[in-house]
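Below, each chain spelled out in residue letters.
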Amino acid sequence: MILGKPTGISLKHHTENVLNELYIYLKKRNFVLEKYQRLIGVSLTNSLELICKYHDLGKKQSDWQQACQKEFEDFRITKKVSGKYLRRVNVRHEIYSIIFCRDNEVSLTDEELVAIAAHHGKLSVKHEDKWKIWCNGRGTEYWKRLKALSFEIEKMDFQKWVLSSYRYDSSRAILQFADKRASVKEIGEVVPDYFDFQYTFNPVWEKRPVQQLAEENAEEDLLLLRAPTGAGKTDASLLWAHQQINVFKRADRLIIALPTRFTSNALALNISANIFDVGLYHSTSKHIDFNTKHSNGFAKLLETPVTVCTIDHLLISLSKTKEEHHHIFFNLANSCLVIDEADFYDEFTQANLLVLLEALQILKVPVLLMSA
C-alpha cells in the first residue's frame, strides 16, 4: 500500500478525503466561485479539482515512501508520529508532486504550480535549500521559475498586483484549507462547521436614524457613517452587512475591524448575543473564553460568518510575509468590511489604511467606515 500519512492512511484514501473536503467547500462557499468568475473571467472549479487530485503525488517517490513506511511501523507500536525518518530523508513531496505532474504530462498553470508548491507553507526564501539542495537538487529549476514569477508580480502596478495576488491566493488558500480539514478529520479530531451569515433586526424595535441611513445607502461601495456613542451604530453595521450578503450578494461574510484588542473583545461579545458563530481574533484572543464553536485559528483566517479583529490583522495581510497572509487576503476579498472607530488611528495607520482601501476597491469589497 502506498502511504499518504505516517498514521497508515493510504495516499489514495487521503486524496479522496481532500477532494471530498473540496466539494463540501465549493457547495458551502458558492459565492467564492461566483466572485472569482466575475473578477478574473474564468472558472476556478476545474483547477481546484486538479490540484487537490495531484498535490500529494510526490509521496510516491521511493525515498519519501520508505521513510513514511518506517514512521508507520513506529506508529503502530507507540501510537505517536515521531517524524524522525521523514525529517532525515531530505525530501519535500511537493517538489516531486510537480515533477511527477510534468513526467505524467499533467499540465499546470502558474497558479496551480504555486498552489501545489506552497500547500505545506514551504515556499518562502528561508526554505530555499529544500528546493535547491534537497531532492537531489531536482527542485532547482522550479525554484527559479517561482522566483521569476515572484519578481514579475512585484514589478506590477498596484491594481495588477492586487488582482494577481487574488488569483494566486485563491487556489493556494482553498487547497491548504481542504488538505488541513481532511488531515484533521483523519486523526479523529473535530473541525469547525460552515455557517452562513444570519442577522434579523428585532421586529419590536424602531430603526434609529443611523440604522436607516446605513440600510438605505448600502449600495454605495464605500460608506462613511458618523454618529455619537449610543446612536445604534453596531446594529447599523449589521443591517448594512445584511444588505451586502443577503440582498446584493456582494459578499458572503462580515469582518469588523477595530483599533484595539479591548474594543474587539467588547464588540464580539456584544454581537454574539444576536448572531450565532462570531469569530474573534487578535494576538491574545486564544486566551479568551469566548462563546464560539470556531477555533482561534478558524477566525484568524476570516473563515467565520462574522469575524471581529484588529485593523492590523488586515493591514499586514497585504505584506504576504507569512503563509497565512495569502489565506487572509483571499478571504478578505470575499467579505464586506466594517472599520469602526475610524477617528482613532494615527497618521501612520491611516496611511496604511488608505492602501488597504485602495486594494479593497479593486477587489470590489464593500466597506463601511464608522466614527463617533
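Residues numbered from 1 in each chain as written. Predicted model: local features only at pLDDT ≥ 70, side-chain atom pairs only at ≥ 80, totals over all residues. Heavy atoms only, no water.

Novice: Would you mind showing me how to read the pattern of salt bridges here?
Specialist: It is possible for side chains of opposite charge to pair when their charged atoms get near one another. Per the stated rule, a full pass over the model turns up 19 salt bridges. For D110, the salt bridge identified is with R145, shortest N-O distance 2.9 Å. In this pair, D110 is assigned in helix α7 (residues 110-117) and R145 in helix α9 (residues 140-154), connecting sequence segments 35 residues apart. With relative accessibility at 28%, the residue D110 sits in the partly exposed group. R145 gets classed as partly exposed once you look at its relative accessible area, which sits at 35%. Salt bridges linked by common partners bring R29, D252, R253 and E303 together as one network. (Salt bridge = Lys/Arg side-chain N within 4 Å of Asp/Glu carboxyl O. Helix = DSSP H or I, 4+ residues; strand = E, 2+ residues; numbered from the N terminus. Buried < 20%, exposed > 50% of the residue type's maximum accessible area, 1.4 Å probe, protein only.)

Novice: Please explain the sheet that holds strand β1 (residues 222-226) as it appears in this structure.
Specialist: By definition, the strands of a sheet pair up through backbone hydrogen bonds, in either a parallel or an antiparallel sense. Strand order in the open sheet made by the 6 strands is β1-β6-β5-β2-β4-β3, with parallel pairing throughout. A single partner strand is all that each edge strand has here, and the edge strands are β1 and β3 (278-281). Taking each pair of neighbouring strands and ignoring which way they run, the sheet shows an average axis angle of 20°. With 5 bridges joining them, β1 and strand β6 (residues 367-371) adopt parallel strand pairing. The partner of L223 across the bridge, within β6, is L368. (Pairing = 2+ DSSP bridges. Axes fitted to C-alpha atoms, helices over the stretch in contact; angles between N-to-C directions.)

Novice: Help me understand the packing of helix α1 (residues 11-28) against helix α10 (residues 158-186), please; the structure alone is not making it clear to me.
Specialist: When two helices pack together, their arrangement is captured by the angle between the axes and the distance separating the axes. The interhelical angle for the contact between α1 and α10, taken along N-to-C directions, is 120°, at an axis separation of 8 Å. In terms of orientation, α1 and α10 fall into the oblique class. Crossing geometry of α1 relative to α10 is assigned as right-handed. Here α1 contributes H14, N17, V18, E21, L22, I24 and Y25 to the contact with α10, which in turn contributes I174, F177, A178, D179, R181, A182, S183, K185 and E186. Split into classes, the residues belonging to the contact of α1 with α10 amount to 8 nonpolar, 3 polar and 5 charged. (Parallel < 35°, antiparallel > 145°, perpendicular 65-115°, else oblique. Left-handed = near helix turned anticlockwise from the far one by under 90°. Contact = heavy atoms within 4.5 Å. Nonpolar A, V, L, I, M, F, W, Y, C, P; charged D, E, K, R; others polar.)

Novice: What exactly am I supposed to notice about the side chain of R250 here?
Specialist: Tracing the backbone through its elements, the reader meets R250 in the loop between α12 (233-247) and β2 (253-258). Residue classification places R250 among the buried positions, given a relative accessible area of 16%. Side chain to side chain, R250 and D221 meet in a polar contact 2.5 Å long. Setting aside its immediate chain neighbours within four residues, R250 contacts F31, A218, E219, E220, D221, Q244, K364 and P366. (Polar contact = N/O pair within 3.5 Å; in protein donor to acceptor, adjacent residues only side chain to side chain.)

Novice: In this structure, what is going on with the packing of α10 against helix α16 (residues 323-333)? I would like to understand it.
Specialist: Contact pair α10 / α16: the axes reach a minimum separation of 8 Å and the direction vectors enclose 110°. As judged from the angle between their axes, α10 and α16 are roughly perpendicular. From α10, V162, S165, Y166, D169, S170, R172, A173, I174, Q176 and F177 reach across to α16, where they touch E323, H326, H327, F329, F330 and A333. Here the residues of the contact of α10 with α16 are counted per class, giving 8 nonpolar, 5 polar and 3 charged.

Novice: What am I meant to see in the nonpolar core here?
Specialist: Where a protein is soluble and globular, its nonpolar side chains tend to be buried together. Of all hydrophobic cores here, the largest spans 84 residues; its most connected members are W131, I311, L314, I339 and L356. For this core, the element with the highest residue contribution is α10, accounting for 10 residues. Once you skip the residues sitting within four places of it in the chain, W131 turns out to touch I95, I98, A117, K122, L123, G137, G139, T140, Y142, W143 and L146. Counting residues in hydrophobic clusters, the runner-up holds 32 residues, among them F201, L238, I256 and A268. (Core = buried A, V, L, I, M, F, W, Y, C linked by side-chain atoms within 4.5 Å.)

Novice: I tried to follow unusual backbone geometry on my own but got confused; where do I start?
Specialist: Glycine aside, negative phi is the norm for most residues, and most peptide bonds take the trans geometry. A positive phi is found at K79, a non-glycine position, where the angle reads about 65°. Counting through the fold element by element, K79 comes out in the loop between α4 (62-78) and α5 (84-88). Phi at E105 is positive, roughly 60°, even though this residue is not glycine. Locating E105 in the fold gives a position in the loop between α6 (93-103) and α7.

Novice: Is there a simple way to explain the side chain of K320 in this structure?
Specialist: With respect to the helices and strands, the residue K320 is situated in the loop between α15 (311-315) and α16. Looking at K320, its side chain comes within polar contact range of the side chain of S165, at 3.3 Å. When near neighbours in sequence (up to four residues on either side) are disregarded, K320 contacts W161, S165, D169, H325, H326 and F329.

Novice: What's the story with the packing of aromatic side chains in this structure? I'm lost.
Specialist: What describes a pair of aromatic rings is the distance from one ring centre to the other and the angle between the planes of the rings. Per the counting criterion, the structure on display carries 12 aromatic pairs. For the pair F158 and W161, a centre-to-centre distance of 6.0 Å together with 15° between the ring planes defines the contact as stacked. Of the two residues, F158 and W161 both sit in helix α10, 3 residues apart, roughly one turn of that helix. Using a relative accessible area of 26% as the deciding quantity, one classes F158 as partly exposed. For W161, a relative accessible area of 16% translates into the label buried. A ring pair is formed by F177 and F298, whose centres lie 5.8 Å apart and whose planes are at 25°; its orientation type is stacked. Taken together, the residues F177 in helix α10 and F298 in helix α14 (residues 296-300) connect sequence positions 121 residues apart. The two residues F177 and F298 agree in class, both being buried. Directly above the ring of W134 sits K130, whose terminal nitrogen or CZ lies 5.2 Å from the centroid. The ring of F201 has K207 sitting right over it, with the charged end atom 5.7 Å from the ring centre. (Phe/Tyr/Trp six-rings, centres within 6.5 Å; stacked < 30°, edge-to-face > 60°. Lys NZ or Arg CZ within 6 Å of the ring centre and 35° of its normal.)

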